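# Tertiary structure, described
Given next are the chains, with one letter for each unit.
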Amino acid sequence: MGSRVVITGMGHVTPLGCSVDPVWDALCHGKSGVRTITNELHLGFRTKISGDCIDFAPEQCIEPKEIKKIDRFAQFAICAAEDAITQAGVDFSRENRLRCAALIGSGVGGLAEVEKNFEKLLEKGASRVSPFTIPKMMPNAAGGLVSIRYGLHGPSYAVASACASSLDAVALAARMIRGGEMDIVITGGSEAALTRLGLAGFCAMHALSERNDEPEKASRPFDRDRDGFVLSEGCGLVVLESLEHAQQRKANILAELLGWGASSDATHITQPDESGTGAAYAMASALQNAQLNPGQIDYINAHGTSTVLGDIAETNAIKQVFGESAYRVPISSTKSQIGHLLGGSGGVELIFCVKAIETGVIPPTINLDNPDPKCDLDYTPHCAREKTMDYVLSNSFGFGGHNSTVIVGKFQE
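Here's a quick rundown of the structure. (Residues numbered from 1 in each chain as written. Predicted model: local features only at pLDDT ≥ 70, side-chain atom pairs only at ≥ 80, totals over all residues. Heavy atoms only, no water.)

On to the pairing of strand E8 (residues 255-264). A regular strand places its side chains on the two faces of the sheet in alternate fashion. Of all 10 residues in E8, eight are buried; the element is thus mostly enclosed. Relative to E8, strand E1 (residues 5-13) runs antiparallel, the two sharing three bridges. Across the sheet, residue Val5 finds its bridge partner in E8, namely Leu257. (Buried < 20%, exposed > 50% of the residue type's maximum accessible area, 1.4 Å probe, protein only. Helix = DSSP H or I, 4+ residues; strand = E, 2+ residues; numbered from the N terminus. Pairing = 2+ DSSP bridges.)

Set out below in structure tokens:
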């Protein structure tokens, strides 16, 4: 089977904060990170709410003179990586850096830089376009900058599969470790698409919630009155290692990454297959990869974006894979509290899954006041729930019909 894959460090940037434990506490207490947009970003748009990372302070881990050279999504990744590596206790000067990698997904990359410099080009001419435009807009900038910061000579690149980007990157990293190619991989995803172009594009698709008067109630997965997702930003990264390598350096092992699966709907570029068949393939594949049966899963962290079709499709997919046990397994969507981080979602939600196992708490789906009759499973409404968990499954699905699932478990010798 190859090397076992374990998680030894975690770091994230979210609308609820940038430190793992305080964010987890806020999540379990049902707090929302969705708020009214306070700058002029929303002028002329139907949607005036978002999940922005107001507590993020890049100067805490990046030299001030370097910040202007790095797009916000890559700044997120650098700071999240630092937290994850610190928790993992990795000293790369003691490592074979050819066997250390950085695979960081992003659905969009440096959108703010594209937007800003295109405006300069039109208004002021080519000579005013920043020389940092290309390095800042590249989706691979996050992985590249993390590898440069720590001198990692293994592969460093981006995985771009829209909102499945994080988990696809994690799965690819895990394959490298299980296959014996790498000892350590920093992986997950980052996104900062809260720009006028990003907001306008999603508004034009009628994909976003317009519950502007009640921002904290706008993201309401599986609720009958949901009207779209909340566009958010952020990053979630973990340190993956082979079990042998982690034990050799006496690392504190947080959890084990047991299985992963991916598929494509092959139906529509933005709309999910309402039957859930494609998503079901990804979950079934992850279970097979982890050598588990559906009845062993203790909790599902749902993709659950609060879109009409998406929530129904995921519900149908869970029923296909889990059968009668679909009605017994607790499910929740943490996007009800932090909104949708696009390519950064899966990494943040993987961290939440690890914390769920560690603390024995299932975070709630807030705002689930009037359940959609087509979404009739146990979504842990309103309040967190205590439960001992050994195996947790997390879903991420993206535009393009991309489906990605990972399973994380309590570490056992």
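We are not done yet, so read on.
Right, let's talk about the environment of Ala204 for a bit. You can see Ala204 is positioned in helix H8 (residues 196-204). Between the alpha carbons of Ala204 and Arg46 there is a distance of 9.3 Å; along the sequence they are 158 residues apart.

Another point: the sheet that holds strand E14 (residues 402-409). Read across the sheet, 10 strands follow the order E5-E4-E6-E7-E1-E8-E14-E13-E9-E10 without closing on themselves; strand pairing throughout is mixed. Each edge of the open sheet carries a strand with a single partner, namely strand E5 (156-157) and strand E10 (331-332). Relative to strand E13 (residues 391-398), strand E9 (residues 299-301) runs parallel, the two sharing three bridges. Note that in E13 the partner of Tyr299 across the bridge is Val392. Contacts between helix H7 (residues 165-178) and the sheet are confined to E1, strand E4 (100-105), E5, strand E6 (184-191), strand E7 (234-242), E8, E13 and E14, with E6 contributing the most and set at about 175° to the helix. (Contact = heavy atoms within 4.5 Å. Axes fitted to C-alpha atoms, helices over the stretch in contact; angles between N-to-C directions.)

Before going further, it helps to spend a moment on helix H1 (residues 20-28). Among all positions of H1, only Val20, Val23, Trp24, Ala26, Leu27 and Cys28 are buried. Once H1 ends, the next one or two residues include Gly30, with phi positive near 75°.

Within E1, nine of the nine residues are buried, which leaves the element mostly enclosed by the surrounding structure. With eight bridges connecting them, E1 and E7 associate as antiparallel partners. Residue pairing in the sheet places Val13 in a bridge with Cys235 of E7.

Residue placement: Ser336 occurs in helix H12 (residues 335-338). Residue classification places Ser336 among the buried positions, given a relative accessible area of 0%. Here the side chain of Ser336 touches Ser333 through a polar contact of 2.8 Å, landing on its backbone oxygen. Those residues in contact with Ser336 that sit more than four places away from it in its chain are Ser219, Pro221, Pro364, Thr365, Ile366 and Asn367. (Polar contact = N/O pair within 3.5 Å; in protein donor to acceptor, adjacent residues only side chain to side chain.)

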